[in-house]
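Given next are the chains, with one letter for each unit.
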Amino acid sequence: MAIDAATVRKVALLARLSESEERLEPLARELNGIMTWIDMLDEVDVEGVEPMASAVDLKLPMREDVVTEGGDPAKVLANAPSSKDNFFVVPKVVE
Amino acid sequence: MTNDLDVVAADPKKFIQGRTGPWEIVMGLEIHAQVASNSKLFSGAAVGFGAGPNEQVSLVDAAMPGMLPVINRYCVEQAVKTGLGLKAQINPWSRFDRKNYFYPDLPQGYQISQFKDPIVGEGVVLVERDDGSTFTVRIERLHLEQDAGKSIHDLDPHATYVDLNRAGTALMEIVSKPDIRSSEEAAAYVKKVRTIVRYLGTCDGDLEKGNLRADVNVSVRRPGEGLGTRCEIKNVNSYRYIMQAIEYEARRQIEVLEDGGTIKQETRLFDPGKLETRSMRSKEEAQDYRYFPDPDLLPLELDPAWIKAIEASLPELPDDKKARLQSQYGLSAYDSGVLVIEQERSDFYEKAAKGRDAKLVANWTTNELLARLAKSGQDIENSPIPPEDIAGLVELIETGVISSKIAKEVFDRMWAGEGTPQQVVDKHGLVQVTDTGAIESVIDALIAANPDKAEAVKEKPQALGWFVGQVMKETGGKANPAAVNEILRTKLGVL
């Protein structure tokens, strides 16, 4: 799969990464290099092999429906660049 | 053109008339039902309404680095239970995927959902229309996913406030196939799903609090043609809004198409103030969620014995209960349908009907009590008249102590809190007069005072009605009507 500048622009937008126009072509070249390595996997014959869901042979652990956490907004907000009255405060996002 | 998605026979009665001919609305719904659990889907933080901001948030919900989700067994059980209630296939192997998008109230940058392998597959729901007729809506799937937090835009003119209390709460997304053809059917379908989850106890169905929300996918087409392009309408949290939003959206699409335009697939928001839908511009750029299996979670494998045990624990479901009320009590489809909408109604009814005339109890429960409760905005759980008193009232009618007419007065007084039916009857002397001697003396006096009218009855038997009315008036409505008629006929020589 060939990645062009337009694809890089779209992926950057979806990931909310800001890239200048002149960086798009070099990034496309770098990503195509990585894709070439990944394409090597196509050499393996996987006919009839189920897609792997996990690398570990474990069952999904479950917890009981009890309240064991919460009640500490200060801890939750500790890394927030801005907060007020226990809310996170972010730039206006309403349309 | 038809395919396996498009199987509902067209009904011209549901068509919408445009300027250039009839159109058919085609709809599928996505219902988000919040699991009635104590804690969240992947964390031990509390689920609830009304706590202070960010008080019900764990470090998992806040997406702190290094935190790992651990699934809540109870939430899985509720999803299975709901699937069984929707007569759906339970998938013993399912998996969680990440749905990637950025929004301030989604700290992970992705929602944990189930995309390719949901926990519940295809099912079917039988829905009642207001006129008592039924239709089926096929269920495509039910999957478990996390809710997002809440963004508050009106606390500050320049900033958005974010509360993560709701973040990570377990939702069951119930996706229907496009089997719905009118706004009334859409509302009836949501009502039915709500009734089912409330019977199961898997979701409290509170629309006002947003614990049950519906997104409606609306498209229109010329009758007989293939499916049109759909728009998804969000933010419809009442039956009335659902109907209004659909009516508006269908009209809008028809106008666009009749003007030679095309419908763009998009997400639209319903504005209940303006009664219109509008495009959510922020979502205009093509959505690309880049789903992939969540590497933090192993596949969800269900033990078949556990599924069986859950199936064995299911309560009697509304459709089964409706059929039973009809066969056991001889009720009409309509009455039993009204009674099974809420479990509390049928519980009330069955308590009151024990040993009594079941149809009479149904009449008093549905016609009088439910109407009165609706008028005063109360639920049947808080009915000022308990089931024993409805039973008592019916017993007084059955044994001839009071007439149906007097019973209405007794009911009014019971509603006003004057006590049990027997107490009301005793207090106000409302016992029906069946003592023929007493009735006879009233009639004798009437005939003596109105010889002309008595003569007229002999010519025109219909004039008897006047005497019946007078006797009832004299006795304060307490005379037994059958006895009054019989005595009058004998005395006036009308047979």
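Residues numbered from 1 in each chain as written. Chains lettered and ligands numbered in written order. Predicted model: local features only at pLDDT ≥ 70, side-chain atom pairs only at ≥ 80, totals over all residues. Heavy atoms only, no water.

A. View of the sheet that holds strand β10 (residues 159-163) of chain B. Strand order in this open sheet of four strands is β2(A)-β3(A)-β10(B)-β9(B), and the pairing throughout is antiparallel. The strands lining the two open edges of the sheet, one partner per strand, are β2 (83-84) of chain A together with β9 (150-152) of chain B. As paired strands, strand β3 (residues 87-91) of chain A and β10(B) are joined by four bridges and run antiparallel to one another. By the bridge assignment for β10(B), P91(A) is matched with A159(B). (Pairing = 2+ DSSP bridges. Helix = DSSP H or I, 4+ residues; strand = E, 2+ residues; numbered from the N terminus.)

B. Summary view of the sheet that holds strand β5 (residues 97-100) of chain B. Residue and element names in this part refer to chain B. The strand order across the open sheet built from three strands is β6-β5-β16, with neighbouring strands paired in antiparallel fashion. Looking at which strands have only one partner, the edges of the open sheet turn out to be β6 (110-113) and β16 (292-293). As paired elements, β5 and β16 share two bridges and run antiparallel to each other. Note on β16: the bridge partner recorded for R98 is F292.

C. Just a nonpolar patch on the surface, in detail. A contiguous nonpolar patch, built from L31(A), I34(A), I38(A) and L41(A) and spanning about 360 Å² of accessible area, is present on the exposed surface. Inspection of the secondary structure assignment puts L31(A) in helix α2 (residues 21-39). (Patch = residues over 30% accessible without salt bridge, like charges linked within 9 Å, V, L, I, M, F, W, Y side chains within 5 Å. Areas by Shrake-Rupley, 256 points an atom, 1.4 Å probe, with all protein chains shown as cover. Salt bridge = Lys/Arg side-chain N within 4 Å of Asp/Glu carboxyl O.)

D. Seen up close, the packing of helix α1 (residues 5-14) of chain A against α2(A). Residue and element names in this part refer to chain A. Running from amino to carboxyl end, α1 crosses α2 at an angle of 100°, the nearest separation of the two axes being 8 Å. Here α2 runs roughly perpendicular to α1, going by the angle between their axes. Seen from α1, the contacting residues are A5, V8 and R9; seen from α2, they are E21, L24, E25, L27, A28 and L31. Grouping the amino acids of the contact of α1 with α2 by side-chain chemistry returns six nonpolar, no polar and three charged. (Axes fitted to C-alpha atoms, helices over the stretch in contact; angles between N-to-C directions. Parallel < 35°, antiparallel > 145°, perpendicular 65-115°, else oblique. Contact = heavy atoms within 4.5 Å. Nonpolar A, V, L, I, M, F, W, Y, C, P; charged D, E, K, R; others polar.)

E. Structural detail: unusual backbone geometry. Residue and element names in this part refer to chain B. Within the chain, N54 stands out as a residue other than glycine whose phi angle is a positive 60°. For N54, the position within the fold is in the loop between β2 (21-34) and β3 (71-72). A positive phi angle, close to 45°, is found at R290, a residue other than glycine. Looking at where R290 falls in the secondary structure, it is placed in the loop between β15 (276-279) and β16.

Geometric descriptors of this kind do not, in isolation, establish any biological role.
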